[in-house]
Amino acid sequence: MSFLKGVLAGLAIGYLTAPRSGKETRDKLTQRVNDLQDQWDEGVAQVKSQIDSLVGNAENKVDQYANRAEKKVDHYKNEVQSGYNKERAKNAYNNKVDDVADAAKSGINNAEDALKIS
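Residues numbered from 1 in each chain as written. Predicted model: local features only at pLDDT ≥ 70, side-chain atom pairs only at ≥ 80, totals over all residues. Heavy atoms only, no water.

(A) The arrangement of the overall build of the protein in detail. Helix and strand content of the protein: 2 helices and 0 strands. In summary, the protein has a C-alpha radius of gyration of 44 Å against a globular reference of 13 Å for 118 residues, an excess of more than 25%. Each principal axis of the C-alpha atoms in the protein carries an extent, and together these give about 145 × 20 × 10 Å. Split by element, the accessible area of the protein, about 10600 Å² in all, is 57% carbon and sulfur. One finds the centroid of the 18 positive side-chain charges in the protein at a distance of 6 Å from the centroid of its 18 negative side-chain charges. (Helix = DSSP H or I, 4+ residues; strand = E, 2+ residues; numbered from the N terminus. Rg over C-alpha atoms; globule rule 2.2 N^0.38 Å. Areas by Shrake-Rupley, 256 points an atom, 1.4 Å probe, with all protein chains shown as cover. Lys, Arg positive; Asp, Glu negative; His and termini not counted. Charge placed at Lys NZ, Arg CZ, Asp CG, Glu CD.)

(B) Highlighting a nonpolar patch on the surface. A contiguous nonpolar patch, built from Val47, Ile51 and Val55 and spanning about 240 Å² of accessible area, is present on the exposed surface. Within the element layout of this structure, Val47 appears in helix 2 (residues 22-115). For Val47, a relative accessible area of 44% corresponds to the partly exposed category. (Patch = residues over 30% accessible without salt bridge, like charges linked within 9 Å, V, L, I, M, F, W, Y side chains within 5 Å. Salt bridge = Lys/Arg side-chain N within 4 Å of Asp/Glu carboxyl O. Buried < 20%, exposed > 50% of the residue type's maximum accessible area, 1.4 Å probe, protein only.)

(C) Looking closely at the environment of Ile51. The residue Ile51 is located in helix 2 in this model. In this structure, the C-alpha to C-alpha distance between Ile51 and Lys61, residues 10 residues apart in sequence, is 15 Å.

(D) Highlighting the domain arrangement of the protein. Splitting the protein by domain gives domain 1 (27-84) and domain 2 (86-117). Here the C-alpha centroids of domain 1 and domain 2 sit 68 Å apart. (Domains from an automatic or database assignment.)

(E) Layout of the pattern of salt bridges. Applying the stated criterion across every chain yields a total of 1 salt bridge. The partner of Lys90 in a salt bridge is Glu87, and the shortest N-O contact between them spans 3.8 Å. Of this pair, Lys90 and Glu87 both sit in helix 2, 3 residues apart, which is roughly one turn of that helix. What makes Lys90 partly exposed here is its relative accessible area of 46%.

Here it is in structure tokens:
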């Protein structure tokens, strides 16, 4: 920033000491200030455009990563749900086998009692 101030001060001194009339010098200074303002505005517009582009790219990346994370969460959720369902099915099957075994044992005991001679 100091460099820019130095350049502007040097330009102003150069214009003020130049062998021109006051009106010509003022017109020249006004034109130069207008040119600098236009260049400044153009630079600011370019920076804004680049920032907007970077923000847009960042938003797209965030959306991509969010979608990937959501898919992973859904995948693991489905795996857990599937494992839970398999565990429930296994427990239900084992309980049914135990019930059938108990019924068979009871039936055998009843048959033994029926075959005994008193």
